[in-house]
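Report on the structure
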Amino acid sequence: EHTHVSSRGVRAVLALHAVDHILKATAEVHANSAALIAAKHGGEAAAGAEAAPEAADMGFTRPRVLILCPFRSVCRELVNMMAEMLPGRRLVVNQKRFEEEYGAGDEGEEDDAAKQKKPADWLDLFGGNSDDRFRIGIALSRKNFRLYAPFDKSDLLICSPLGLREVTGAEGEKKREFDFLSSIELLVLDRADVL
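Residues numbered from 1 in each chain as written. Predicted model: local features only at pLDDT ≥ 70, side-chain atom pairs only at ≥ 80, totals over all residues. Heavy atoms only, no water.

Right, let's talk about the packing of helix 2 (residues 72–85) against helix 3 (residues 95–102) for a bit. Where helix 2 contacts helix 3, the axes come no closer than 10 Å and their chain directions differ by 150 degrees. One finds that helix 2 runs roughly antiparallel with respect to helix 3. In this structure, the crossing between helix 2 and helix 3 has a hand that is left-handed. Contact with helix 2, carried on its side by Arg72, Cys75, Arg76, Val79 and Asn80, involves Phe98, Glu99, Glu101 and Tyr102 of helix 3 and no other residues of that element. Here the residues of the contact of helix 2 with helix 3 sort into 4 nonpolar, 1 polar and 4 charged. (Axes fitted to C-alpha atoms, helices over the stretch in contact; angles between N-to-C directions. Helix = DSSP H or I, 4+ residues; strand = E, 2+ residues; numbered from the N terminus. Parallel < 35°, antiparallel > 145°, perpendicular 65-115°, else oblique. Left-handed = near helix turned anticlockwise from the far one by under 90°. Contact = heavy atoms within 4.5 Å. Nonpolar A, V, L, I, M, F, W, Y, C, P; charged D, E, K, R; others polar.)

This is how it looks when you write it as structure tokens:
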């Protein structure tokens, strides 16, 4: 059960599953691409060889994982967990911008005193940056963990429902973009009770 007591552990499992899914899918694409290239070059040398089998390992677009979460603070926690658990400690591109936009922000002493009177579950949920209008694309490469990647060039999308709605638009609007959703393989709703 996802409560304020178990939220960090649940998010760690969620982050691990998302990263594992992306890394395995990427490894499969690289292996199949190498096999297709080898079959192509080997097929030219051997007359009458069968055509290389087509690998259906890539979707129409690059994003494979979509995580919907309620607030920027939750997104920040997930991104930081994912960056920590990546093999080889990849370079995090745009980390400074991310911390500025998704960090706790400026809070006065009055706000801190008022928050201390709140219950623990409220503090866990609203204690950080509680802006619910955000979206971020994350691209993984061999050496980089790139934040703020364009959605069509991202492996992972983390959005609030409002942030996703801003991109996808509503029926009848002129500017709508939703093609990036066509290849989503894993959808996670973090704190669905709050969404």
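So, next bit.
Moving on: the nonpolar core. Grouped together as the largest cluster of nonpolar side chains are 30 residues, with contacts concentrated most on Ile67, Cys75, Met82, Phe145, Leu147 and Ile158. Where this core is concerned, the elements lending two or more residues are helix 1 (7–45), strand 1 (65–68), helix 2, helix 3, strand 3 (135–140), strand 4 (144–147), strand 5 (156–159) and strand 6 (186–189). The leading source of residues in this core is helix 2, at 7 residues. For Cys75, the contacting residues outside a window of four places in its chain are Cys69, Phe98, Tyr102, Phe134, Ile136 and Ile158. (Core = buried A, V, L, I, M, F, W, Y, C linked by side-chain atoms within 4.5 Å. Buried < 20%, exposed > 50% of the residue type's maximum accessible area, 1.4 Å probe, protein only.)

Residue position: Ser183 is located in the loop between helix 6 (161–168) and strand 6. Excluding residues that lie within four positions of it along the chain, Ser183 makes contacts with Gly59, Phe60, Thr61, Pro63 and Arg64.

In this section: the confidence of the model for the chain. Confidence in the prediction for the chain averages 84 pLDDT; 87% of positions are at 70 or higher. In this model, residues 45–52 is a region of pLDDT below 50 whose contacts with residues beyond four sequence positions or in other chains number 3 contacts. (pLDDT = per-residue confidence, 0-100.)

Bringing the packing of aromatic side chains into the picture now. Using the criterion set out here, one finds 5 aromatic pairs in the structure. A centroid spacing of 4.7 Å and a plane angle of 20 degrees characterise the contact between Phe98 and Tyr102, whose relative ring orientation is stacked. Here Tyr102 and Phe98 lie together in helix 3, a separation of 4 residues that amounts to about one turn. When the centroid spacing of 5.9 Å and the interplanar angle of 85 degrees are considered together, the rings of Tyr102 and Phe134 count as edge-to-face. Of the two residues, Tyr102 is situated in helix 3 and Phe134 in the loop between helix 5 (120–126) and strand 3; the sequence distance between them amounts to 32 residues. Neither Tyr102 nor Phe134 differs from the other in exposure class; each is buried. In textbook terms, an aromatic cluster arises when at least three aromatic residues are bridged by ring pairs, as seen for Phe71, Trp122 and Phe126. Lying across the ring of Tyr148, Arg97 places its NZ or CZ 3.6 Å from the centre. For Lys118, the ring lying beneath its charged end belongs to Trp122, and the centroid distance is 5.1 Å. (Phe/Tyr/Trp six-rings, centres within 6.5 Å; stacked < 30°, edge-to-face > 60°. Lys NZ or Arg CZ within 6 Å of the ring centre and 35° of its normal.)

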